[in-house]
Protein chains: 2
Amino acid sequence: MTKSRVSIKDIARTAGVAHSTVSRALNNNPLISPETRARIQSLAEEMGYIPNAVAQSLQTRHSDTIGLVVASLSDPFFGDVIEGVDEVASEAGLSIFVTASHNDPERELEVIEMFHRRRVDGIIVAASRLSNHYTARLKRIRVPVVLVNHQAVEEQTLFASVAVDNHRGAWLAVNHLLALGHTQIGYLGLGNRQRSDQQRLAGYQDALAGAKLPLPVQYVLIIPADVVQASGDVEAGRIYFPQLLATGVTAIFCYNDRVAVGALLACHQQGIAVPKVCSLVGFDDIDMAQYITPPLTTIRQPRRTMGQRAMRMVLDLLNEQEVENQLIAPELVCRESTRRCVKRDMSNVIRNSYREELCHQK
Amino acid sequence: MTKSRVSIKDIARTAGVAHSTVSRALNNNPLISPETRARIQSLAEEMGYIPNAVAQSLQTRHSDTIGLVVASLSDPFFGDVIEGVDEVASEAGLSIFVTASHNDPERELEVIEMFHRRRVDGIIVAASRLSNHYTARLKRIRVPVVLVNHQAVEEQTLFASVAVDNHRGAWLAVNHLLALGHTQIGYLGLGNRQRSDQQRLAGYQDALAGAKLPLPVQYVLIIPADVVQASGDVEAGRIYFPQLLATGVTAIFCYNDRVAVGALLACHQQGIAVPKVCSLVGFDDIDMAQYITPPLTTIRQPRRTMGQRAMRMVLDLLNEQEVENQLIAPELVCRESTRRCVKRDMSNVIRNSYREELCHQK
DNA sequence: TTGTAAGCGTTATCAG
DNA sequence: CTGATAACGCTTACAA
């Protein structure tokens, strides 16, 4: 930690007072005389005194720290969440411990217990994978925990949470497509995102049902969890997109922007024109979405805001205030990857678009 | 921090031993008899004992934590760095405090002092803006500090560092362009990145000098710092690119990928074909670089590795080992945004490419 | 092998 | 207003 730092006692000694007096002076305790306070404070400054937060924590029984677990640190999605948390935590004078769970529930639990050992004042978990399986060990945690976009269904009652309204987002996406005249709309889902995938699927289905449209089973394609884990979202989307397109859909709602980027890649490679042959909608509105060609219509999650909200929730919990779970409304961002449906002869789609692409390249 | 936790003394009491015995048993001290150790350990487990890391830190005088400051948490660049740091820190059993400096040297210093108060064992600063101006206050810090891609020139001696070789990267980029036959090559720089911008510019100039090519002043365009701060890298690139292209260059080396993305955007908007009319090279190899159209030739910075190295350096420093500053070699990633130079009549470039783009679109 | 006691750097409760 | 003194929860000589 450090060698020979100057402590409150050292100051006391050279000032010829008791160390408790120094403590009071430094904390602007009103009981202290203005003169001694000034004297002590400038002395402390001179001597290069830096308070020991560890000792303070031990005594005051709070550490002014919180623990933050995210599924992945390299994923920009969580970067935004972290930023939001950091903003309000810094404002409140709290420091943040951060680490990645890599989507491993076991590791997630270990991390939480580590935070507990460090006596953090609160814990935020983004994309939690914890299920009821762990509740026993979790019950021990005497600290406010709030979940951001949790993946397990059962935790709602145990912990506070803020989550995007996946159902609503999917509903918005599909209705946008319906408004453009599409009637054959597919869903390209991700099997390793249990909860959110189910919710987006449900939103998709409800939107279709609302339009009284039939829903052939082959219009829904959930990419197997192991494939996604192994190849990543983009690659998974690229590989599975053709299979879904072949069912005859004219538009596809993708689980997220990365899957949509993968689909777009497949289109570029195989000469399929987007949105002419197939409209594409993503989810999240990651940075890339607006810069790729064509720019992606997507459902925006206000990630920074979600981080802020989660942190405020922790703060409220620390103040013994009641909090209620928050469902964040996502928002449709309309760009060029979607457009009016054009009736087309399915048998020629691929061939035609291939021709287009060839001329396109030269 | 927490209410009524079970402590080592509670265990001692119910076990009928001294609390020091419990401490030893729990720490697998060899002096303890196997029986009592087992008894104590299982008792601790039953009672739900969780060691208090704060108290341990106070006693052992090290906290097993490090502080990490990055310029921005929402920038994926730093996400990768953080991930690298997290990997080796977790491995070594250290927890990470993280926060953003928002490129503000004053804030950066405050954060460092806060980390100091928390008695972290080491500090890593990514994209540090600290200059000699602050050395006085910095000297107090008794803790290993390592800088990642620091922007101030003078700190090298005060702190250890790992940084990408900007000069080399620029040199690689420009030589790639030269090899493709380009002789009129521009540099689109960023005025708010003092150090790295200068280094990349120097690498660019040296490469050109090495090829014995003239270097008209107008081929170098550094975007003013205030514009970049206000609009962001992408937008800055988009706005300033046309001005540089108008000087007659056939290829442009951009400060980073985001600037290059901005340039690409300008091209799409104005119907300028890339790489046909103008080749583009970026720097960093951010995620987006490979997915935009055309994919970006760029200079890859191994960000995660840099995070890992920085963390290992901290570990070495903690072991009293000597470390030396590391200059990381970046690597050319060749993609479709660059290609052989085509001699062209400058007066028609814009008009021609416009025509191309129109046919392109339909 | 175990217990006793001191101390890490603070804050907090008493007296004075 | 200020000074002793006792915690906070733990590790670690030093004794027994």
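Before any of the text, the structure's been laid out above.
Rules and cut-offs
Residues numbered from 1 in each chain as written. Chains lettered and ligands numbered in written order. Predicted model: local features only at pLDDT ≥ 70, side-chain atom pairs only at ≥ 80, totals over all residues. Heavy atoms only, no water. Pairing = 2+ DSSP bridges. Helix = DSSP H or I, 4+ residues; strand = E, 2+ residues; numbered from the N terminus. Axes fitted to C-alpha atoms, helices over the stretch in contact; angles between N-to-C directions. Contact = heavy atoms within 4.5 Å. Near = heavy atom within 4 Å. Polar contact = N/O pair within 3.5 Å; in protein donor to acceptor, adjacent residues only side chain to side chain. Nonpolar A, V, L, I, M, F, W, Y, C, P; charged D, E, K, R; others polar. Buried area = accessible area lost by both parts, 1.4 Å probe. Salt bridge = Lys/Arg side-chain N within 4 Å of Asp/Glu carboxyl O. Parallel < 35°, antiparallel > 145°, perpendicular 65-115°, else oblique. Core = buried A, V, L, I, M, F, W, Y, C linked by side-chain atoms within 4.5 Å. Buried < 20%, exposed > 50% of the residue type's maximum accessible area, 1.4 Å probe, protein only. Least-squares fit on C-alpha atoms with pLDDT ≥ 70 in both.

(A) Region of the structure containing the sheet that holds strand E9 (residues 279-281) of chain A. Residues and elements named next belong to chain A. As summarised here, the arrangement of the 4 strands in space is E7-E6-E8-E9, forming an open sheet in which the pairing is parallel. Two strands lie at the open edges of the sheet, namely strand E7 (220-223) and E9, each paired on one side alone. The sheet shows a mean angle of 20° between the axes of neighbouring strands, taken without regard to direction. Pairing of strand E8 (residues 251-254) with E9 involves 3 bridges; the strand directions are parallel. Within the sheet, the bridge partner assigned to alanine 251 lies in E9 and is serine 279. Seen against the sheet, helix H12 (residues 257-270) touches strand E6 (185-190), E8 and E9 and runs at an angle of roughly 155° to E9.

(B) Quick peek at the protein's contact with DNA strand D. Contacts to DNA strand D come from 27 residues, most closely from Thr21 and Arg24 of chain A together with Ile8, Ser23 and Tyr49 of chain B. Backbone atoms, meaning sugar plus phosphate, form 61% of the atoms of DNA strand D positioned within 4 Å of the protein. Here a base nitrogen of DNA strand D and a side-chain polar atom of arginine 24 of chain A are 2.6 Å apart. Between a phosphate oxygen of DNA strand D and a side-chain N or O atom of asparagine 27 of chain B, the distance comes to 3.3 Å. Among the elements of the structure, helix H2 (19-26) and helix H4 (53-60) of chain A together with helix H2 (19-26) and helix H4 (53-60) of chain B are those that each provide at least two residues to the surface near DNA strand D. In the surface near DNA strand D, the residues fall into 9 nonpolar, 15 polar and 3 charged.

(C) Structural detail: the protein's contact with DNA strand C. Around DNA strand C sit 29 residues, and of these Ser23 and Gln59 of chain A together with Ser20, Thr21 and Gln59 of chain B come closest. Per the 4 Å cut-off to the protein, sugar and phosphate atoms form 59% of the nearby atoms of DNA strand C. Serine 23 of chain A places a polar side-chain atom, nitrogen or oxygen, 2.5 Å from a phosphate oxygen of DNA strand C. Note that a phosphate oxygen of DNA strand C is positioned 3.3 Å from one of the backbone N or O atoms of asparagine 52 of chain A. Elements with a contribution of two residues or more to the surface near DNA strand C: helix H1 (8-15), H2 and H4 of chain A together with H2 and H4 of chain B. Classifying every residue of the surface near DNA strand C by side-chain character gives 9 nonpolar, 16 polar and 4 charged.

(D) How the structure looks around the interface of chain A and chain B. Taken together, the 62 residues of chain A in the interface contact 62 residues of chain B. Interface area, chain A with chain B, both sides summed: about 5,700 Å², of which 54% is carbon and sulfur. Counting the contacts that link chain A with chain B gives 4 salt bridges. Measuring nitrogen to oxygen at the nearest pair gives 3.7 Å for the salt bridge that ties arginine 140 of chain B to glutamate 45 of chain A. Inspection of the region where chain A meets chain B yields 27 residue pairs in polar contact (both at pLDDT 80 or more). Those elements that place two or more of their residues in the side of chain A that touches chain B are H4, helix H5 (76-91), strand E2 (95-100), helix H6 (105-117) and H12 of chain A. Sorting elements by how many residues they give to the side of chain A that touches chain B places H5 of chain A first, with 7 residues. Of the residues assigned to the side of chain A that touches chain B, the class counts are 24 nonpolar, 19 polar and 19 charged. Direction of pairing for E2 of chain A relative to strand E2 (residues 95-100) of chain B: antiparallel, over a ladder of 3 bridges. If you follow phenylalanine 97 of chain A over to E2 of chain B, its bridge partner there is phenylalanine 97 of chain B.

(E) Representation of the packing of helix H1 (residues 8-15) of chain B against H2 of chain B. Residue and element names in this part refer to chain B. Where H1 meets H2, the closest approach of the two axes is 8 Å, and the angle between their N-to-C directions is 110°. Viewed along their axes, H1 and H2 adopt a mutual orientation that is roughly perpendicular. Within the contact between the two elements, H1 uses Ile8, Lys9, Ile11 and Ala12 and H2 uses His19, Val22 and Ser23. Grouping the amino acids of the contact of H1 with H2 by side-chain chemistry returns 4 nonpolar, 2 polar and 1 charged.

(F) View of the nonpolar core. Core analysis: the biggest nonpolar cluster contains 108 residues, and Phe241 of chain A together with Phe241 of chain B have the highest contact counts within it. Not counting residues up to four positions away in its chain, the partners in contact with phenylalanine 241 of chain A are Leu188, Ile252, Ala263, Ala266, Cys267, Ile272, Cys278 and Leu280 of chain A. Grouped together as the second largest cluster of nonpolar side chains are 60 residues, Val88 and Val98 of chain A together with Ala100 and Ile124 of chain B included.

(G) Spatial organisation of the side chain of arginine 193 of chain B. Residue and element names in this part refer to chain B. Inspection of the secondary structure assignment puts arginine 193 in the loop between strand E6 (185-190) and helix H9 (194-210). Of the residues examined, arginine 193 reaches a relative accessible area of 17% and is grouped as buried. Within the local environment of arginine 193, its side chain forms a polar contact with the side chain of aspartate 233, the two groups lying 2.8 Å apart. Setting aside residues up to four positions removed in sequence, arginine 193 forms contacts with Arg129, Gln151, Gln198, Val228, Asp233, Tyr255 and Asn256.

(H) Geometry of the relation of the copies chain A and chain B. With an axial shift of 0.1 Å and an RMSD of 0.1 Å, the rotation relating chain A to chain B amounts to 180°. Taken together, the rotation and translation describe the operation of a two-fold axis. An overlap of 98% is found between the interface residues of chain A and their copies at the interface of chain B, pointing to a shared contact surface.

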